[in-house]
Amino acid sequence: MVHPSVPAKTIPEFIAYAKVNPGKVNMAYVGSGSVSHVAGELFKMITGVDLTYVPYRGGAPAMTDVIGGQVQVYFVPTVASIEYIRTGKLRALAVTTTTRSQLLPDIPTVAEFLPGYEASLWFGVGAPRNTSAEIIDRLNKEINAGLADPKMKARLVELGGAVMAGSPSDFREFIAAETEKWGKVIRTANIKPE
């Protein structure tokens, strides 16, 4: 999302704007290696734009400065920004997930303009390495049943989320793919722990 003073209304327009203003577009991020940070780095890697990072110690101060116009762009979860988008205090250019948000169905995905771009905040359930297969299978079955519940799905949508049910091996493969993808971004951007 961007501050309304940014003339871009689409991802291609934002890329063009950033390219004619190298280093002059400020981007908020919350913590080294955070989702907002690596999502922005992936965007920079794919597009070649030069954005200036402005670090924040939390989402609230970052959001305050984006709304105030001190920072022009912020990669932030939908749930944290939706009211500002709906009231026009901020402009959503795109969502970073692979599919459009049910909360903002008219907002395209970044991948519609930049194939391969995807950045999501996700949560999963893990267990200690030596947990028995029987317990893992039971947990997986119960968690998937809970995620299939219409009330649970509706609540997750209200929060800007989506359900990703699956097997333990699906989750293991997902984690391995995410680790490889974000490891490459972190190494390329030379992100270090703070």
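The structure displayed is predicted, hence computed values, not measured ones. (Residues numbered from 1 in each chain as written. Predicted model: local features only at pLDDT ≥ 70, side-chain atom pairs only at ≥ 80, totals over all residues. Heavy atoms only, no water.)

Trainee: Would you mind showing me how to read the environment of His 3 here?
Mentor: Tracing the sequence through the fold places His 3 in the segment before α1 (11-20). Look at His 3 and you get buried, because its relative accessible area is 15%. (Helix = DSSP H or I, 4+ residues; strand = E, 2+ residues; numbered from the N terminus. Buried < 20%, exposed > 50% of the residue type's maximum accessible area, 1.4 Å probe, protein only.)

Trainee: For this particular structure, what's the right way to read the sheet that holds strand β1 (residues 25-30)?
Mentor: Whether parallel or antiparallel, the strands of a sheet pair through hydrogen bonds between backbone atoms. Taking strand neighbours across the sheet as the criterion, the three strands line up as β2-β1-β3 in an open arrangement whose pairing is parallel. Because the sheet does not close on itself, it has two edges, and the strands there are β2 (51-56) and β3 (73-74). As judged from the six bridges shared by β1 and β2, these two strands associate in the parallel manner. The residue of β2 that forms the bridge with Met 27 is Tyr 53. Here α1 sits on the sheet and contacts β1, β2 and β3; the angle it forms with β1, its principal contact strand, is near 110°. Sheet strands touched by helix α2 (residues 35-47): β1, β2 and β3. Its angle to β2, the strand with the most contacts, is close to 175°. (Pairing = 2+ DSSP bridges. Contact = heavy atoms within 4.5 Å. Axes fitted to C-alpha atoms, helices over the stretch in contact; angles between N-to-C directions.)

Trainee: Would you mind showing me how to read the nonpolar core here?
Mentor: Grouped burial of nonpolar side chains is what soluble globular proteins tend to show. Judged by nonpolar contacts, the single largest core of 28 residues is most densely connected at Ile 11, Phe 14, Phe 43, Leu 51 and Tyr 117. Broken down by secondary-structure element, the contributors of at least two residues to this core are α1, β1, α2, β2 and α7 (168-189). Among residues more than four places away in sequence, those in contact with Ile 11 are Phe 43, Leu 93, Ala 94, Val 110, Phe 113 and Leu 114. Formed by ten residues, the second largest nonpolar core is a distinct cluster that contains Tyr 56, Ala 62, Val 66 and Val 76. (Core = buried A, V, L, I, M, F, W, Y, C linked by side-chain atoms within 4.5 Å.)

Trainee: Can you help me understand the side chain of Arg 91 in this one?
Mentor: Within the element layout of this structure, Arg 91 appears in the loop between α4 (78-86) and α5 (133-148). Notably, Arg 91 is buried but unbridged: the nearest opposite-charge side chain belongs to Glu 13, and the N-O separation is 7.0 Å. (Lys, Arg positive; Asp, Glu negative; His and termini not counted. Salt bridge = Lys/Arg side-chain N within 4 Å of Asp/Glu carboxyl O.)

Trainee: Looking at this structure, I do not really get unusual backbone geometry. What am I missing?
Mentor: Working note: non-glycine residues mostly have negative phi, and peptide bonds are mostly trans. Positioned with a positive phi, Asn 190 is a non-glycine residue whose angle comes to about 55°. Secondary-structure assignment places Asn 190 in the segment after α7.

Trainee: What is the right way to look at a nonpolar patch on the surface in this model?
Mentor: Taken together, the side chains of Val 125, Ile 135, Leu 139 and Ile 143 define a hydrophobic patch exposed on the protein surface, amounting to about 320 Å² of accessible area. Residue class for Val 125 comes out exposed when judged on its relative accessible area of 53%. (Patch = residues over 30% accessible without salt bridge, like charges linked within 9 Å, V, L, I, M, F, W, Y side chains within 5 Å. Areas by Shrake-Rupley, 256 points an atom, 1.4 Å probe, with all protein chains shown as cover.)

Trainee: Hey, could you run me through the packing of aromatic side chains in this one?
Mentor: Aromatic rings considered in pairs are described by the distance between their centres and by the relative angle of their planes. Evaluation of the coordinates by the stated rule reveals six aromatic pairs. Measuring from ring centre to ring centre gives 6.0 Å for Phe 14 and Phe 43, while their planes differ by 45°; the resulting arrangement is tilted. Pair noted here: Phe 14 is in helix α1 and Phe 43 is in helix α2, with a separation of 29 residues, a long-range link. Here the two residues Phe 14 and Phe 43 agree in accessibility, since each one is buried. An angle of 85° between the planes, with centres 5.0 Å apart, marks the rings of Tyr 29 and Tyr 53 as edge-to-face. One end of the pair, Tyr 29, is in strand β1; the other, Tyr 53, is in strand β2, with 24 residues separating them in the sequence. (Phe/Tyr/Trp six-rings, centres within 6.5 Å; stacked < 30°, edge-to-face > 60°.)

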